[in-house]
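Next come the chains, spelled out residue by residue.
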Amino acid sequence: MHDPLTSIPSGQYVPRNPSHPPFRPRTPRSAHRMDTAPSAQPAPTPPAAGNRRRVATAAALASAVEWYDYFVFGIAAALVLGDLYFPAGSPTAGVLASFATFAVGFLARPLGGIVAGHLGDRRGRKPMLVLALTLMGVATTGIGLLPTYDTIGVAAPILLVLFRVAQGVAVGAQWGGAMLLATEYAPEGKRGVYGSVVQLGVPIGVVTANTVFLLAGALTTDSAFTAWGWRVPFLVGLLVLGLAWYIHTRVEETPAFREAERALAEKEKSEQSSPLRTILRGHLGTVLLAGGSFAVNTATFYIIITGVLDYTTRELGMEKGPVLMVSLCVSLTQLVLIPAAAALSDRIGRLRIYALGAAGIALWAVPLFLLIDTGSLLWLAVGTFVASCFLSIMYGPQAALFAELFTPEMRYTGASLGYQIAAVAGGGLAPFVMVLLLEATGTSMAVSGYIIGLSVIALLSIRVLARRARAAEPEAAPEACAQAESAS
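Residues numbered from 1 in each chain as written. Predicted model: local features only at pLDDT ≥ 70, side-chain atom pairs only at ≥ 80, totals over all residues. Heavy atoms only, no water.

- Labelled according to an unreviewed UniProt entry, the chain appears under the name MFS transporter, originating from Streptomyces levis.
- The UniProt entry for the chain carries the following text under Subcellular location (unreviewed entry): "Cell membrane". (UniProt positions renumbered as here; feature names shortened; annotations may be inferred.)

A few points about the overall build of the chain
- The helix and strand tally for the chain stands at 20 helices and 0 strands.
- By residue count, 57% of the 488 residues in the chain fall in the buried class.
- Residue pairs at least 24 apart in sequence account for 86% of intrachain contacts in the chain once pairs closer than 6 positions are excluded.
- Approximately 19000 Å² of the chain is accessible, and the part contributed by carbon and sulfur atoms is 65%. (Helix = DSSP H or I, 4+ residues; strand = E, 2+ residues; numbered from the N terminus. Buried < 20%, exposed > 50% of the residue type's maximum accessible area, 1.4 Å probe, protein only. Contact = heavy atoms within 4.5 Å. Areas by Shrake-Rupley, 256 points an atom, 1.4 Å probe, with all protein chains shown as cover.)

Some words on the side chain of T298
- Tracing the backbone shows T298 in helix 13 (residues 284–315).
- When sequence neighbours within four positions are dropped, the list of residues in contact with T298 reads A422, A423, G426 and G427.

Examining the pattern of salt bridges
- Counted according to the given criterion, the structure contains 4 salt bridges.
- Here D310 makes a salt bridge to R314, at a shortest N to O gap of 2.9 Å. Of this pair, D310 and R314 both sit in helix 13, 4 residues apart, which is roughly one turn of the helix.
- R314 sits in the partly exposed class, given a relative accessible area of 26%.
- The closest approach of N and O atoms between R350 and E404, which form a salt bridge, is 2.9 Å. A residue pair is termed long-range when its members are at least 10 positions apart, and R350 in helix 15 (residues 350–372) and E404 in the loop between helix 16 (377–403) and helix 17 (408–428) qualify at 54 residues. No difference in accessibility class separates R350 from E404, as the two residues are buried. (Salt bridge = Lys/Arg side-chain N within 4 Å of Asp/Glu carboxyl O.)

Details of the side chain of Q398
- Mapping Q398 onto the fold places it in helix 16.
- You can call Q398 buried: its relative accessible area is 0%.
- Ignoring sequence-local partners within four residues, the contact set of Q398 consists of W175, Q199, F294, Y354 and Y419.

Quick word on a nonpolar patch on the surface
- Where nonpolar side chains cluster on the molecular surface, the patch consists of Y149, I152, V154, I158, L159 and L162 and spans about 510 Å² of accessible area.
- When contributions to the nonpolar patch are tallied by element, the ones reaching two or more residues are helix 4 (149–152) and helix 5 (155–183).
- In terms of residue count, the dominant contributor to the nonpolar patch is helix 5 (3 residues).
- Counting through the fold element by element, Y149 comes out in helix 4. (Patch = residues over 30% accessible without salt bridge, like charges linked within 9 Å, V, L, I, M, F, W, Y side chains within 5 Å.)

Thoughts on the environment of V206
- By the secondary structure assignment, V206 is in helix 7 (residues 201–218).
- Sequence separation of V206 and L328 is 122 residues, and the distance between their C-alpha atoms is 6.9 Å.
- Setting aside its immediate chain neighbours within four residues, V206 contacts F71, F301, I305, S327 and S331.

Details of the packing of aromatic side chains
- In the structure shown here, the tally under the stated rule is 7 aromatic pairs.
- Taking 5.7 Å as the distance between ring centres and 80° as the angle between the ring planes, the aromatic pair formed by W230 and F234 counts as edge-to-face. No difference in accessibility class separates W230 from F234, as the two residues are buried.
- Ring-pair connections join several aromatic residues into one group, and the members of that group are F294, Y395, F402 and Y419.
- The ring of F73 carries the charged tip of R164 above its face, separated from the ring centre by 4.5 Å.
- Here the guanidinium or amino end of K320 rests over the ring plane of F225, the centre of that ring lying 5.5 Å away. (Phe/Tyr/Trp six-rings, centres within 6.5 Å; stacked < 30°, edge-to-face > 60°. Lys NZ or Arg CZ within 6 Å of the ring centre and 35° of its normal.)

Digging into the packing of helix 5 against helix 16
- Following both chains from N to C, one finds helix 5 and helix 16 inclined at 90°, their axes separated by 10 Å at the closest point. The angle between helix 5 and helix 16 places the two elements in the roughly perpendicular class. In contact with W175, M179, L180 and T183 of helix 5, helix 16 contributes Q398, A399, A400, F402 and A403.
- Residues that form the contact of helix 5 with helix 16 fall into these classes: 7 nonpolar, 2 polar and no charged. (Axes fitted to C-alpha atoms, helices over the stretch in contact; angles between N-to-C directions. Parallel < 35°, antiparallel > 145°, perpendicular 65-115°, else oblique. Nonpolar A, V, L, I, M, F, W, Y, C, P; charged D, E, K, R; others polar.)

Points about helix 5
- The end-to-end C-alpha distance of helix 5, which contains 29 residues, comes to 42 Å, matching closely the 42 Å that a straight helix rising 1.5 Å per residue would cover.
- When you tally the buried positions in helix 5, you get 21 out of 29 residues, the bulk of the element. (Expected span 1.5 Å × (residues − 1).)

Quick notes on the packing of helix 6 (residues 191–199) against helix 16
- The N-to-C vectors of helix 6 and helix 16 enclose an angle of 110°; their axes lie 7 Å apart at closest approach. Viewed along their axes, helix 6 and helix 16 adopt a mutual orientation that is roughly perpendicular. Judged by the twist between their axes, the crossing of helix 6 over helix 16 is right-handed. Side by side, helix 6 and helix 16 meet where R191, G192, G195, S196 and Q199 of the first sit next to Y395, G396, Q398, A399 and A400 of the second. (Left-handed = near helix turned anticlockwise from the far one by under 90°.)

See below:
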């Protein structure tokens, strides 16, 4: 019996022995058919290597600038937005209001994933990516130009929330488009590596956002930074519009979508259904499992880059500049770790690597905050670096893993929904929950417990995905055939 953690968690199991043909269960006539790994459906005409490189580069840049725009809000929320837009009687109340606005962006991300997923599965990956980049550029620039509470009163926080919602919709739409541009252009056997270029957008966005904030702080006084210096990182968002135009004019639609589009066109109109309806009727469990498996990653990530920034500067009395520098240096290491984990997943399986990262996060949750609580920059760097290693181990294969859970005609919708559910359950609420736990318990060990709880959910979700992959193994053929017969 094969180890299920070496299997691809989709409807088709890919055996280690190429001579051993994969088992294909009979497809039920209902919408509840088994998903097929996209590697089993190659494009009729493989794209040229130069085109692949151009598309991969465009997808990586799109991810990087989109996440940069998204992360500058998180840094600003920890440093200045509470005082400027949510004046209150205590610093804690202002930070909570600021982090609540930060979380609003995550609540809007599933909306972006649903709308862009539906249209992306019907109209193409590229148009939705261009639209998402344009929306993000406009929203981020709007925040950089937004007057404060002292200038326009209650309209300031209202507009800030609306711009943050627009950012959330944009990043919810962007991830699926960039991820599918990369993975659907990937050559056979390298989907993990190609998908990882999109994942690299996260550490690149973090590094760039931290660098711009460090420069803004270094080149201005504290009063000038509070008055206008913090706005500079947001105004850089204008560059996103140039990238959107480049993708619109120079990048072609993916071969997998073109093939799926032809297949859909051949069907009778009465038989066609929306990708969202298909997902909700036949694949909702897969979406929820995908979200459950990744929530711990997003939660821990935002705790490290946003929650810890507030905690170390406000509670532990550390300087913001050195803390930002630690975050920047730790994020640089992910540029190596993420593609390495992705390449390894191409060889030994997505779920094995994925589970290793989730288990590592659970084991490191307590040591992480014991080291942070020392107030030492060195131990802060050590703690967050080790945590970042486990995050990278999960993050590397994640794009390819989510893509392989769904067929091309529903892939944008399904993968985006799974990812954005994780973002809401984990990342969006994590800094807010962290502040609440610290205020309620007075100990950072409560935050460690929060991370461990999400890790358990992730490991359970991964185990179910592994069982589904094992059910498609050749040894399970008789039982699977019987189930397919009963389903039809």
